[in-house]
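Structure assessment
Here are the chains, one letter per residue:
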Amino acid sequence: MGNRLSKAICVSLFLLVFIWAGNARSQSYRVETIKMPDGLTNENGAIEFLPDGRLVGCFTRGEVMIYNPKDEKWSLFAEGFHDPLGILVLSNSEMLIIQRPELTRVKDTDGDGSADLYEKVTDDFGLSGNYHEYNYGPVKDGAGNLFIALNSTSPGGSMRPEVRGKIDTLGRDGSNGLRQMYSAVPYRGWIMKLTADGQLHPYASGFRSPNGLGFDSEGNLFATDNQGDWVGTSPLFHVQEGKFYGHPGSLIWTRGWNKGNPYRLSPEVLNGMRTKPAVLFPHGIMANSPTQPLCDQTNGQFGPFGGQLLIGEMNKERIVRVMLERVGGELQGACIPFLDGAGLRKGNNRLAFSPDGVLYVGQNSHGWLGDEGIQRIVFTGKTPVDIYTMNLTKTGFKLVFTEPMEKESLINADNFKLRHYNYAYHKKYGSDQMGVQSDQVRGIEISADGKEVTFTVEALQAGYVYELNLNNIKSKDGGALENTLICYTLNKLIK
Amino acid sequence: MALLFTGTSLSSHAQNGVDSVKTLLIKVETGLQFDLVRFTVKPGQKVRIVFENTDDMDHNLLITMPGAREEVVTTALQLAEKGPAMNFIPKSPKILWSIPVIAPDQKGTVEFTAPEKAGVYPYVCTYPGHGFLMYGAMYVNSTGKMPKLKDDRNIPESRRAAPLSEGEKHDDMHAGHQMPPVPKPLHPYTPISPYLYRVFIEGASPAAIAVSLPDSLSYCWDAGTCRLRFAWHGGFLDNSDLWKGKGDALAKVVGHIFFTDQAFPFRIGKSEKLALINYKGYTLIDRYPEFHYTVNGVDIYEMIRPTIGTIGLVRTFRIPDAGADVVYLADQEDTIVYKSSAGQWKNGQLQLNAAEARQFKVTMTIKKEMKHGK
């Protein structure tokens with residue numbers, strides 16, 4: 001979370017999309033608002049589904065509430081949590097919940113419907129009492145390991161006189177820490193792995209505000225981060241053990257670290273150490289504060305985008321969709337709006353699929369920009385006219401559509417506006433689009449069924465976001481293309 | 001709505017002090033708001049605005065023609081990807097003065113001469129997404145008057161009530177406070193003591209647990225250090241700041257602290273080695289939390305209830321398998337009377353053998369007047 005909301009929103013752009021998309025998209029997806037209990041401050045920290053089909057949500061004032069979609073009634077399951085921001089359901093009566101001080105196992109042992117056991121699962125990380133030290137997760141891999149993410153500490157807040165964990169001010173920039181996000185107690189800015197023996201292991205470092213963890217269908221772990229210092233625009237990282245993802249402070253907790261204060265290293269050195277994002281979300285265009293990635297594994301219940309990632313966005317009335325491919329051994333890919341407006345609010349912080357394939361969205365503001373409450377997105381069964389995938393080719397890109405497209409508009413290169421740019425890696429808060437250049441789309445070829453189009457781009461370069469805007473493109477049946485903006489993060493070329 | 005002074009307070013008379021520079025410091029508060037939401041200047045007065053970005057995100061500050069705020073915000077948004085290079089300040093005759101994007105912890109200044117024409121001149125941050133929330137009003141008039149805060153349509157609705165830090169405090173159930181304009185319940189239910197909150201609170205580690213007991217008694221048990229840190233009576237907590245915005249605040253004790261601990265209370269066996277403590281969690285029994293932790297691997301359970309008829313706490317400990325003598329170290333506060341259900345007191349230390357330590361109670365009550373020693 002954290003600076004997730006420090007993010008801008010391109011409302012004018014959005015309003016246009018809203019008016020237009022509200023009509024088109026409402027035919028494929030319908031947004032509904034869940035009635036919340038009276039008296040609840042609806043800042044939703046997390047939502048998940050119980051095996052019996054009820055929804056569990058936790059809220060800023062520490063409540064854990066259960067909602068039965070059948071009778072639309074809420075009941076209290078547990079209370080007293082400090083900023084709970086993640087739930088992993090274990091059974092109808094048991095779940096793991098992350099809060100500021102620890103990961104807690106919460107269980108109703110006597111079957112009366114409310115929890116009576118609050119067992120610490122792990123608190124083996126530092127806590128300075130700074131407001132920005134939000135914790136996220138847990139998510140579980142196929143082997144049963146859990147992963148949690150620990151925010152960096154904010155220069156806008158302070159450390160408490162009494163902290164938990166060893167203090168090492170080498171993880172700060174400046175003697176008082178009042179410059180950039182930092183890590184002065186263990187593992188702030190890390191993603192941690194909890195193994196079955198209860199041990200918490202440092203897993204990957206360099207995160208600023210990773211408010212969103214999730215796996216794809218192949219078991220790859222992903223985390224989003226939030227634009228700010230050292231984060232030029234908000235990214236999606238493919239998180240792998242031992243790697244460093246760019247925000248410096250956390251490096252001091254690397255085993256065997258002997259390079260002193262990481263903020264004293266040159267940006268070139270740090271840049272050489274870091275693993276780049278799989279996907280960049282261009283700020284002001286795609287997402288300013290992306291949140292939880294959730295893989296659509298609904299087998300078509302939620303529409304045609306199975307296997308892709310859906311990602312919440314705090315600053316816009318939007319859910320973003322991500323499609324990935326492996327190029328040169330690494331994951332990279334494209335992001336595209338999935339749903340804009342259509343009644344969706346801002347603050348889209350947590351996502352969960354119901355057993356029948358409805359996407360629930362928990363909303364939060366938490367002092368930044370956002371709305372509050374829970375909405376759900378229902379697939380109506382009508383396939384949206386949309387870009388299904390965007391893939392890199394040796395000489396350009398290939399687009400696959402969900403429906404056959406009208407070939408006359410698709411063959412016209414004037415309908416393809418392509419440009420590329422990248423973002424600076426520096427301590428300054430965010431980055432402008434750097435090196436912006438327009439590209440000419442050439443050699444357009446359309447498949448016989450009208451669902452695929454390939455085109456070439458002269459001098460395709462690695463290290464850039466390729467932003468494509470499609471204009472005047474329709475389906476064969478005359479349906480407008482629902483999303484016309486798609487951004488491909490080209491880290492590696494196909495050799 | 002017509003403002004009191006519109007059209008009536010235009011004055012050609014030079015006012016005393018008009019030539020002196022009026023300096024205003026504007027900071028940023030959590031939740032996309034300027035700390036200073038409105039102010040007055042005189043027509044033609046020299047004004048200096050120092051904008052200090054006390055937030056953790058970027059902001060700018062534009063002053064617009066009366067009534068032009070929303071138009072300017074929309075125009076700024078239309079800059080789209082060109083916005084950053086222009087500091088989100090569009091070219092518009094409706095923008096009178098501006099301070100470009102200021103990074104966190106940086107300052108910017110603008111100096112200008114206030115318009116001769118009286119009116120309400122909005123100031124706004126046009127960083128994308130901020131402008132619909134983050135604005136204020138500069139009143140230019142010779143009278144220095146502004147409408148009542150609650151009636152002021154030129155400031156965000158959320159700022160028309162008393163400041164939140166005052167208003168939401170009374171969210172708290174405790175009597176004796178002025179009620180906020182729209183009272184909000186704490187929860188969708190009425191908490192019944194005993195109940196607890198994990199909180200940031202002064203006098204404990206950041207992993208504190210605050211528990212409300214019946215009879216207006218409360219205590220803080222610290223999961224970071226596995227011990228009772230302090231206890232109070234007369235109320236529970238005011239969490240309004242802690243729960244507001246980003247949570248950059250502490251819970252506040254309501255009532256009077258009557259006990260503050262000094263050190264970890266247990267020594268098990270003869271070992272002088274530093275006790276390794278490990279918090280395990282708690283179980284609710286009749287809603288009372290029973291805390292579980294270990295000291296050098298030995299399990300300890302502790303439940304705290306109120307005493308009956310006096311102000312004090314009954315602490316029930318269970319050490320099922322101490323494997324050695326146990327010493328409970330009472331704090332040497334002469335305001336508290338200690339009693340125990342088992343063991344022997346010696347110099348403020350309760351000595352128990354392993355069998356006695358399986359379950360025992362320590363009762364702590366406030367000393368009424370002169371009392372014999374512990």
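Now for the domain arrangement of chain B. You can read the domains of chain B as domain 1 (21-160) and domain 2 (195-366). The centre of domain 1 of chain B, based on its C-alpha atoms, is set 51 Å off from the matching centre of domain 2 of chain B.

What follows concerns the domain arrangement of chain A. Residue and element names in this part refer to chain A. By the assigned domains, chain A splits into domain 1 (2-379) and domain 2 (387-490). Placing a centre on the C-alpha atoms of domain 1 and another on those of domain 2 gives a separation of 29 Å. Counting residues at the interface gives 31 residues for domain 1, matched by 27 residues for domain 2. Element by element, the count of residues in the side of domain 1 that touches domain 2 is highest for strand β21 (residues 330-340), at 6 residues. A per-class count over the side of domain 1 that touches domain 2 returns 18 nonpolar, 10 polar and 3 charged.

Many authors give the size of an interface as the accessible area that is lost as the parts come together. Each partner contributes residues to the interface: chain A has 55 residues there, and chain B has 48 residues. Among the elements of the structure, α1 (11-25) and β9 (117-122) of chain A are those that each provide at least two residues to the side of chain A that touches chain B. A total of 4 residues in the side of chain A that touches chain B trace back to one element, the largest contributor, which is β9 of chain A. Where β9 of chain A lies against strand β19 (residues 277-285) of chain B, 3 bridges are found, and the strand directions are antiparallel. Residue pairing in the sheet places Glu119 of chain A in a bridge with Gly281 of chain B of β19 of chain B.

This paragraph deals with the environment of Ala357 of chain B. Residues and elements named next belong to chain B. If you trace the backbone, Ala357 turns up in the loop between β26 (349-352) and β27 (360-366). Its 28 C-beta neighbours within 10 Å are what place Ala357 among the buried residues. Measuring from C-alpha to C-alpha, the distance between Ala357 and Gly323 comes to 9.7 Å, with 34 residues separating the pair along the chain. Contacts of Ala357, omitting those with residues within four sequence positions, involve Ile319, Ala322, Val326 and Leu352.

All right, on to the sheet that holds β19 of chain B then. Sheet architecture is open: 10 strands sit in the order β6(A)-β7(A)-β8(A)-β9(A)-β19(B)-β20(B)-β21(B)-β22(B)-β27(B)-β24(B), paired in antiparallel fashion. Here the strands that pair on one side only, and so sit at the sheet edges, are β6 (86-91) of chain A together with β24 (336-340) of chain B. This sheet shows a mean twist of 20 degrees between the axes of neighbouring strands, independent of strand direction. Bridge count for β6 of chain A against strand β7 (residues 94-98) of chain A is 5 bridges, and the pairing is antiparallel. In the sheet register, Leu88 of chain A faces β7 of chain A, and the bridge partner there is Leu96 of chain A.

What follows deals with the pairing of β19 of chain B. All names here are of chain B. As defined by bridge partners, β19 adjoins strand β20 (residues 288-295) across 8 bridges and the pair is classed as antiparallel. The partner of Tyr282 across the bridge, within β20, is Phe291. Connecting β19 to the antiparallel partner β20 that follows it, the hairpin turn spans 2 residues, and Asp286 within it adopts a positive phi of roughly 50 degrees.

Residue and element names in this part refer to chain A. Taken in spatial order, the 4 strands make up an open sheet running β10-β11-β12-β13, and their pairing is antiparallel. With partners counted over all chains shown, the strands left at the sheet margins are β10 (135-140) and β13 (200-205), one partner each. Direction aside, neighbouring strands of the sheet carry axes that sit 25 degrees apart on average. As paired elements, strand β11 (residues 146-150) and strand β12 (residues 190-194) share 4 bridges and run antiparallel to each other. Note that in β12 the partner of Ala149 across the bridge is Ile191.

Another point: the nonpolar core. Among the nonpolar cores identified, the biggest contains 184 residues, and Ile148, Ile191 and Met192 of chain A together with Ala210 of chain B are the most heavily contacted of them. At 6 residues, β21 of chain A tops the list of elements feeding residues into this core. The residues contacting Met192 of chain A, other than those within four sequence positions of it, are Phe125, Phe147, Ile148, Leu150, Tyr187, Leu200, His201, Pro202 and Tyr203 of chain A. Counting residues in hydrophobic clusters, the runner-up holds 42 residues, among them Val37, Ile63, Ile102 and Cys125 of chain B.

This part takes up the environment of Ala278 of chain A. All names here are of chain A. Looking at the element boundaries, Ala278 is found in the loop between α2 (267-273) and β17 (279-280). Exposure remark for Ala278: the 21 C-beta atoms within 10 Å place this residue in the buried category. For Ala278 and Glu325, which are 47 residues apart along the polypeptide, the C-alpha to C-alpha distance reads 9.5 Å. Residues within four places of Ala278 in sequence aside, it is in contact with Leu236, Phe237, His238, Leu324, Leu331, Gln332, Gly333 and Thr489.

Analysis parameters
Residues numbered from 1 in each chain as written. Chains lettered and ligands numbered in written order. Predicted model: local features only at pLDDT ≥ 70, side-chain atom pairs only at ≥ 80, totals over all residues. Domains from an automatic or database assignment. Contact = placed C-beta atoms within 7 Å. Helix = DSSP H or I, 4+ residues; strand = E, 2+ residues; numbered from the N terminus. Nonpolar A, V, L, I, M, F, W, Y, C, P; charged D, E, K, R; others polar. Pairing = 2+ DSSP bridges. Buried ≥ 20, exposed ≤ 12 C-beta atoms within 10 Å, placed from the backbone. Axes fitted to C-alpha atoms, helices over the stretch in contact; angles between N-to-C directions. Core = buried A, V, L, I, M, F, W, Y, C linked by C-beta atoms within 7 Å.

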